[in-house]
Amino acid sequence: MKLEEYIYKGSQKMRCGYTTGSCAAAAAKAAAEMLLTGRVLTTAEILTPKGIVIRPDIIEPVITESMASCAVEKDSGDDPDVTNGIKVFAAVALAQKGVKIKGGAGIGRVTKAGLDQPVGEAAINSVPRKMITAAVMEIAEKYGYSGGFEVTVSVPEGVELAAKTYNPRMGIEGGISIIGTSGIVEPMSNTALIETIRTEAKMRRAEGQKNMLLTIGNYSESFVQDKMPFSLERSVTCSNFIGDAIDIGIELGFSSILIIGHIGKLVKLGAGIMNTHSSWADGRMEVLVTCGLLAGADTDTLKKLPDCATADAAMDILADAGYLEKTLDILSQRMDYYLRGRVKNEIKIAALAFSYKREINVKTAFADELIKAVSEEENG
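Since the model is a prediction, treat every value here as computed from it, not as a measurement. (Residues numbered from 1 in each chain as written. Predicted model: local features only at pLDDT ≥ 70, side-chain atom pairs only at ≥ 80, totals over all residues. Heavy atoms only, no water.)

Let's talk about unusual backbone geometry
How we decide: Labels follow the DSSP assignment, with helices taken as runs of H or I lasting at least four residues and strands as runs of E lasting at least two, numbered in each case from the N terminus. Exposure is judged per residue with a 1.4 Å probe applied to protein chains only, and the accessible area is read against the type maximum: over 50% gives exposed, under 20% gives buried, and values in between give partly exposed.
Phi at Ser-239 takes a positive value of approximately 55°, unusual for a residue other than glycine. Here Ser-239 is to be found in the loop between strand E15 (236-237) and helix H6 (242-251). With relative accessibility at 31%, the residue Ser-239 sits in the partly exposed group. Positive phi, close to 55°, is recorded for Lys-344, a residue that is not glycine. Along the chain, the position of Lys-344 falls in the loop between helix H11 (324-343) and strand E17 (348-355).

Concerning the sheet that holds strand E7 (residues 67-73)
Under the convention used in this document: Two strands are said to pair when DSSP picks up at least two bridges between them. Axis geometry follows a simple rule: fit a line to the C-alpha atoms, using only the stretch in contact for helices, then measure angles between N-to-C directions, giving values from 0 to 180 degrees.
Here five strands make up an open sheet; going across it, the order is E6-E7-E8-E11-E9 and the pairing mixed. Two strands lie at the open edges of the sheet, namely strand E6 (59-63) and strand E9 (99-103), each paired on one side alone. Within the sheet, the average angular offset between the axes of one strand and its neighbour, ignoring direction, is 15°. As paired strands, E9 and strand E11 (residues 148-154) are joined by five bridges and run parallel to one another. Residue pairing for E11: Val-99 is matched across the bridge by Phe-149.

Quick notes on the layout of surface pockets
Put simply, the test is: Put simply, the grid is 1 Å and covers the protein atoms alone, a cavity is a trapped set of points that fit a 1.4 Å probe, a pocket is an open set with protein on both sides within 12 Å along at least five of seven lines, and lining residues have an atom within 4 Å of a point. Grid points are joined across faces, edges and corners, and a volume is the space filled by probe spheres set on the points.
Of the voids in this model, the largest pocket is the one considered here, and its volume is about 1600 Å³. Lining the largest pocket are 44 residues; nearest its centre among them are Ile-179, Ala-192, Leu-193, Glu-195 and Thr-196. Listed by contribution, the elements that provide at least two residues to the lining of the largest pocket are helix H2 (126-142), strand E13 (184-185) and helix H4 (191-206). Residue contributions to the lining of the largest pocket peak at eight residues, all from H4.

Let's talk about the state of the cysteines
Defined as follows: In this description, the term disulfide denotes a pair of cysteine sulfurs within 2.5 Å.
The tally for this structure, following the rule as stated, stands at zero disulfides. Cysteine Cys-16 shares no disulfide, and the gap to the nearest cysteine sulfur, in Cys-23, comes to 14 Å. No disulfide involves Cys-23; its sulfur sits 11 Å from the nearest other cysteine sulfur, which is in Cys-70. Exposure remark for Cys-23: the relative accessible area of 0% places this residue in the buried category.

Topic: helix H10 (residues 311-321)
Note that an α-helix has 3.6 residues per turn; residues three or four places apart therefore point the same way. The condition is simple: In this context, the arc is that of the directions from the helix axis out to the C-beta atoms.
Burial in H10 covers these residues: Ala-311, Asp-312, Ala-314, Met-315 and Leu-318. For H10, the angular spread of the buried residues around the axis is 155°, confining them to a single face. Phi for Gly-322, located one or two positions after H10, is positive at around 85°.

Quick notes on the side chain of Ser-375
The criterion, for reference: Here, residues are in contact when the closest pair of their heavy atoms is within 4.5 Å.
Among the secondary structure elements, Ser-375 is positioned in helix H12 (residues 367-379). Excluding anything up to four places from it in sequence, Ser-375 contacts Pro-229, Phe-230 and Gly-380.

A short note on the packing of aromatic side chains
Heads up, the rule is: To pair, rings of Phe, Tyr and Trp, with the six-membered ring standing in for Trp, must have centres within 6.5 Å; the planes then decide the type, stacked if under 30 degrees apart, edge-to-face if over 60, and tilted in the middle. Only when the NZ of Lys or the CZ of Arg is both within 6 Å of the ring centre and within 35 degrees of the ring normal is a charge said to sit over the ring.
Counted according to the given criterion, the structure contains five aromatic pairs. Seen in terms of ring centroids, Tyr-145 and Phe-149 are 5.1 Å apart; in terms of plane orientation they differ by 55°. Their pairing is tilted. By relative accessible area, which is 22% here, Tyr-145 ends up partly exposed. Note on Tyr-337 and Tyr-338: the rings are 5.1 Å apart at their centroids and 80° apart in plane angle, and the pair reads as edge-to-face. A network of ring pairs unites the aromatic residues Phe-223, Phe-354 and Tyr-356 as a single cluster. The side chain of Lys-13 reaches across the aromatic face of Tyr-6, ending 4.4 Å from its centre. Over the face of the ring belonging to Phe-254 we find Arg-205, whose NZ or CZ atom lies 5.3 Å from the ring centre.

Written as structure tokens, this is what we have:
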């Protein structure tokens, strides 16, 4: 049964879905009831942490003398989620007391400290564990059962799906994670992406890192590998969410933050734009026009910039007119001003914006100092 819960993104009505954690809890609840009653169920009902009731269909039920199992198909609604449509299974057996939750086929194992679960545990996060426990104990109370349960969660497609996620990089090997804090998937939500940043940053802190290295995406990761005196493995990928990543760095107690990215993204920092996705704000040419004006560029040169599609194209025009070096110097000062404002001067922060085409690096005030600090922290 599809969840008929909707949100609006702009003028677009989009259907919500439910998380893998909700799937696991619903499957576990149904399996527990089938085990205690011997009756096959076709639906299960759970209340998600968000306060929304879901009633997913129960598929592939199996009942034996010692266990019962079934699956719930993941419904991501209108969210473009790689886990949409997967089957999340729960097998439930009786135990003497309590609820023991295990990871079966396709569920990853935690291999690095700093994640939601300890090293060696199945990657079933704490909120889904609470949901599963509450679901099966509700069934125990319903039928007067005073013993415990052993619940094994599995996702047959998990190993293949994990290759399409950040799990291997983030210290989860051998499958996917069972996740979700609200139980509900909101289409195109930034929450899950920001939580991924927080998780990776927590892992870096648990490894002992004090200097946070933020990369934006493929370009910046390649730049770090080719040009920097430290490894990419220590970085936290923040995508467009630079401001949120900075806030997370302060929250987790990093002593400094170094941001490395292509100038086409980081030029927006010169206007204090901390979410660099084009749907949030552009402002690239406006920043370069302002910096060019302050650098003394003539009106005819500045009028050409708004028609440029890329920062590299605008820099070509500024270079031809002889204003590029001074413009980029002013840009670095403006980037530095807004970055310091974001951290309220509590810690040192810097950015390095590069362009492969022009072979330039725009560095804010503390960039070289923090590059050295990151390198020394890694290499001694």
